[in-house]
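# An overview of the molecular structure
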Amino acid sequence: MEVHVNDSGSSGSPVTDQPVDTVLLDVDGTLIDSTYFHALAWIRAFAEHDLTPDWWRVHRTVGMGGDLLVGEVCGAEVEQRLGDDLRTAWADRYRKLLPEVTAFSGTREFIGSLQRAGLRVALASSGAAEFTDAALDILGMTRDQFVAVTSSEDADKSKPEPDILAVALDKAGGGSAVVVGDTVWDVESAARLGARCVAVRSGGFSEAELREAGAVRVVDDVGVLAREGWTP
């Protein structure tokens, strides 16, 4: 089945005219309401090492790969000295918060509507495989329900680089994709892939920021897309 991106709310010119056959879904902040739990886990990890970055700075980097986040928040010297220790502490803290994380309303319906439209649907997360599997449990879904599922182990470079998206598209067997994500990092990585990005505000970025980054459309959350029966 061939479908084309044609959103009435889109702006700008197409990245590619190739028919879209695949939707690449970000996970954290897009499908599950985990962004602020990740920020809390990072704040607690930094505190273990007597680091006190402002909350807003940490939140602004959630969605960027953990391999980049420490340096972005605290600088190259802290990354070199404590990067791995901080990532381990963050993972330990986030595991303890997972029971409180929930899926956004309408997520299952949204995924189902894409699949019924004949689209290949893949999860393109740059998070650890462990936490991608935890997200699937929260959604009440399994890896087998998607044509592809990626995690940080699948690519050398994380978002905003396009590597994770490219791997997901390749594993899905697709030719051209639309990305659905919640951060400017998702929008930037989609652009580098040569794909459009429909952005949701559920990760805490403003519509203006997401549009400035290049999002072709911005809505509150995937529940809006589900209620519309949106397909690219």
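Residues numbered from 1 in each chain as written. Predicted model: local features only at pLDDT ≥ 70, side-chain atom pairs only at ≥ 80, totals over all residues. Heavy atoms only, no water.

Okay, the overall build of the protein next. Along its length, the protein carries 10 helices and six strands. Relative to the globule expectation of 17 Å for 232 residues, the C-alpha radius of gyration of the protein, 17 Å, shows essentially globular dimensions. Taking the principal axes of its C-alpha atoms as reference, the protein extends roughly 55 × 35 × 30 Å. By residue count, 53% of the 232 residues in the protein fall in the buried class. Long-range contacts, defined as pairs at least 24 residues apart, comprise 67% of the intrachain contacts of the protein with a sequence gap of at least 6. Looking at the protein, you have 21 positive and 38 negative side-chain charges, and the mean spots of the two groups are 2 Å apart. (Helix = DSSP H or I, 4+ residues; strand = E, 2+ residues; numbered from the N terminus. Rg over C-alpha atoms; globule rule 2.2 N^0.38 Å. Buried < 20%, exposed > 50% of the residue type's maximum accessible area, 1.4 Å probe, protein only. Contact = heavy atoms within 4.5 Å. Lys, Arg positive; Asp, Glu negative; His and termini not counted. Charge placed at Lys NZ, Arg CZ, Asp CG, Glu CD.)

Turning our eyes to something else, we now look at the nonpolar core. Counting 57 residues, the largest nonpolar core has Leu25, Phe110 and Val180 as its most contacted members. Those residues in contact with Leu25 that lie beyond four places of it in its chain are Leu31, Phe110, Ile111, Leu114, Val121, Ala122, Leu123, Ala124 and Val180. Counting residues in each nonpolar core, the second largest holds 24 residues, with Leu165, Ala168, Leu210 and Ala215 among its members. (Core = buried A, V, L, I, M, F, W, Y, C linked by side-chain atoms within 4.5 Å.)

Before going further, it helps to examine the packing of helix 1 (residues 35-48) against helix 4 (residues 76-97). The contact between helix 1 and helix 4 brings their axes to 8 Å, and the two run at 135°. Considering their axes alone, helix 1 and helix 4 lie oblique with respect to each other. Regarding helix 1 and helix 4, the two cross each other, and that crossing is right-handed. Residue-level inspection shows Phe37, His38, Leu40, Ala41, Trp42, Arg44, Ala45, Phe46 and Glu48 of helix 1 in contact with helix 4, the latter providing Leu86, Arg87, Ala89, Trp90, Arg93, Tyr94 and Leu97. Broken down by class, the residue content of the contact of helix 1 with helix 4 amounts to 11 nonpolar, one polar and four charged. (Axes fitted to C-alpha atoms, helices over the stretch in contact; angles between N-to-C directions. Parallel < 35°, antiparallel > 145°, perpendicular 65-115°, else oblique. Left-handed = near helix turned anticlockwise from the far one by under 90°. Nonpolar A, V, L, I, M, F, W, Y, C, P; charged D, E, K, R; others polar.)

This part covers the sheet that holds strand 1 (residues 22-25). Ordered in space as 3-2-1-4-5-6, the six strands form an open sheet in which the pairing is parallel. Each end of this open sheet is capped by a strand with a single partner; those strands are strand 3 (148-150) and strand 6 (217-219). Averaged over all neighbouring strand pairs, the angle between strand axes comes to 20°, with direction disregarded. Of the strand pairs in this sheet, strand 4 (residues 177-181) and strand 5 (residues 196-200) are connected by four bridges, and their pairing is parallel. Among the inter-strand pairings, Val180 is bridged to a residue of strand 5, identified as Val198. Here helix 5 (residues 107-116) sits on the sheet in contact with strand 1, strand 2 (120-124) and strand 4, set at roughly 160° to strand 1. (Pairing = 2+ DSSP bridges.)

Here we take up the pattern of salt bridges. Evaluation of the coordinates by the stated rule reveals 15 salt bridges. In this structure, Lys159 and Asp26 form a salt bridge, with 2.9 Å as the shortest nitrogen-oxygen distance. Here Lys159, found in the loop between strand 3 and helix 7 (163-172), pairs with Asp26, found in the loop between strand 1 and helix 1; they are 133 residues apart in sequence, far enough to count as distant. Taking relative accessible area as the criterion, Lys159 reaches 2% and is therefore assigned buried. Where Arg217 meets Glu228, a salt bridge forms, and the shortest distance between an N and an O atom there is 2.7 Å. Taken together, the residues Arg217 in strand 6 and Glu228 in helix 10 (residues 222-228) connect sequence positions 11 residues apart. Taking relative accessible area as the criterion, Glu228 reaches 44% and is therefore assigned partly exposed. One salt-bridge network, in which partners are shared between bridges, spans Asp26, Lys159 and Asp186. (Salt bridge = Lys/Arg side-chain N within 4 Å of Asp/Glu carboxyl O.)

Computed from the structure, the largest pocket encloses a volume of approximately 570 Å³. Looking at the largest pocket, it is lined by 33 residues, and the ones nearest its centre are Gly65, Gly66, Trp90, Ser126 and Gly127. Going through the elements one at a time, helix 1, helix 3 (66-74), helix 4 and helix 6 (129-139) are the ones with two or more residues in the lining of the largest pocket. Ranked by residues supplied to the lining of the largest pocket, first place goes to helix 4 with six residues. Each residue belonging to the lining of the largest pocket can be placed in one class, and the counts come to 10 nonpolar, 12 polar and 11 charged. (1 Å grid on protein atoms, 1.4 Å probe; cavity = no way out; pocket = protein on both sides within 12 Å on 5 of 7 lines; lining within 4 Å. Points joined across faces, edges and corners; volume = space filled by probe spheres on them.)

Along helix 8 (residues 184-193), the residues classified as buried are Val184, Trp185, Asp186, Val187, Ser189 and Ala190. Lining the buried residues of helix 8 we find helix 2 (55-61), helix 7, strand 4, strand 5 and helix 9 (207-213). The distance from a side-chain oxygen at the start of helix 8 to the backbone nitrogen of Trp185 is 3.2 Å, and the residue carrying that oxygen is Thr183. (Polar contact = N/O pair within 3.5 Å; in protein donor to acceptor, adjacent residues only side chain to side chain.)

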